[in-house]
Amino acid sequence: MEYLSGILAYTTATFPFKFHPLCSPLRLSHLMFADDLLLFCKGDVKSIMVILRSFSTFSHASGLQMNPTKTNAFFNGVPNDIKHEILQISGVHEGLLPFRYLGVPITCGRMSKMDCSILVEKLITHIRSFGSKKLSYSGRLVLVFSVLTAFYNYWMNIFVIPKGVLNKVNSFCRNYLWDGRPDFIRCPRVSWEKICSHKSEGGLGLRDSHIWNIAAMGKLVWWIYYNPDRLWVKCVNQIYLKGQNWDDYQPGTDISWGWKSVLDTKGYTIQSGYEILRQKFQTVTWDTQIWNTWCIPKHQFIAWLVAREALLLKERLLSLGIAVDADCLLCGKGIENHIHLFQTCEYARKIYDELGQLLNVALPATDLIMKLLKMRVSSRLQPNLVSRDVMWLSSVKLHL
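These figures come from a predicted structure and were not determined experimentally. (Residues numbered from 1 in each chain as written. Predicted model: local features only at pLDDT ≥ 70, side-chain atom pairs only at ≥ 80, totals over all residues. Heavy atoms only, no water.)

Details of the pattern of salt bridges
And step 1. Following the criterion strictly, the structure yields 6 salt bridges and no others.
And step 2. With a shortest N-O distance of 2.4 Å, D179 and R181 are connected by a salt bridge.
And step 3. Taking the relative accessible area as the measure of exposure, D179 reaches 11% and is therefore buried.
And step 4. Note on R181: relative accessible area 35%, which makes it partly exposed.
And step 5. Here K333 ties to E346 by a salt bridge, and the two come within 3.0 Å at their closest N and O atoms. In this pair, K333 is assigned in the loop between α15 (314-319) and α16 (338-344) and E346 in helix α17 (residues 346-359), connecting sequence segments 13 residues apart.
And step 6. When salt bridges that share partners are traced, they join E201, E275 and R278 into one network. (Salt bridge = Lys/Arg side-chain N within 4 Å of Asp/Glu carboxyl O. Buried < 20%, exposed > 50% of the residue type's maximum accessible area, 1.4 Å probe, protein only. Helix = DSSP H or I, 4+ residues; strand = E, 2+ residues; numbered from the N terminus.)

Structure representation (structure tokens):
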């Protein structure tokens, strides 16, 4: 392919070839990645003939030929008679925008919901392939972090995604976290805004796709500052900046929607832009008690639900019209809510007493739990006991 690139550079400089108007300042005739090739020129027959001559020279040297069935020509503002002649001499078909290149749609206008349909379909396919019914909340949280977020981040670093599509992305991630499916008709236990806050603020550290998409455009601004040799930056300098200093640049009224979205993030990095734009919440005191390296992830998530008072206990179920009463199922002597279940319930107190005897300590229940939280697994405590009986009780101190 490097040989083909050299042939194109020679023929476009030697023969009567007219560059595309937006590519002329950089004398850009083609882009290639692996075996994918994009060619740009003015819509006239002579320029097409130069390209076909380049292909002929390359074919004689390498034995490789263009496949007309997999090649399309895209036109804009070209008269129909010239368009018809170009299609005849080249033997290719006319293509329609958008088309896919490197996994993303290429279009000449603003991105639409229809253009992003492939993103939505692939997210649904990923979710349905996870086998989520066998995963705990913590397992699904890891998949949202490592797979789903990474997948749509690729798009968000390139385009400004329509809000309707971003709403679906947030919805799919939220629904998968709570139910393991892309569709979820019940009310989530914790709002998405709080889930997307930092762990120090009581959240899970996920990113809201709306805010992240805006902040991701800041990466393009960083390129303008520090990567002037990038082809995209050279195009920006030729088309928009035209020699102006970036800090003093004032855009005109005829700029594209994509360039305007980049200007909205001027002066920010991705991370700093996200921090400025995201909703802030008050910091909590219990985050380090839950999110640490020696807690079992499954129990971390349950403890987080307790700290957020988001367990589906009978008091909450009664308010939703699901349960017929709110009496505690363990002791029958109080209303089953978070404070009762983890602090005043007789069954919970018996567990605290047994743990105190096992550790040979005599401490009030709340101090005992704090002591257990600070202890690592030792020979005096079986790991299963710590993970099963201690960590789920870690929220006793969280509300005191």
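Structure's up, so let's keep going.
Focus: the nonpolar core
The tendency in soluble globular proteins is for nonpolar side chains to be buried as a group.
And step 1. W178, I195, F301 and W304 are the most contacted members of the largest nonpolar core, which totals 54 residues.
And step 2. Elements supplying a minimum of two residues to this core: α4 (117-128), α5 (137-156), α6 (163-179), α7 (192-195), α8 (209-216), α12 (270-277), α14 (297-307) and α16.
And step 3. With 9 residues, the top contributor of residues to this core is α5.
And step 4. If we ignore the near neighbours within four places in the chain, the residues touching W178 are Y137, R140, F184, P188, R189, V190, I195, F301, W304 and L305.
And step 5. Judged by nonpolar contacts, the second largest core, of 13 residues, contains I224, V236, L241 and Y249. (Core = buried A, V, L, I, M, F, W, Y, C linked by side-chain atoms within 4.5 Å. Contact = heavy atoms within 4.5 Å.)

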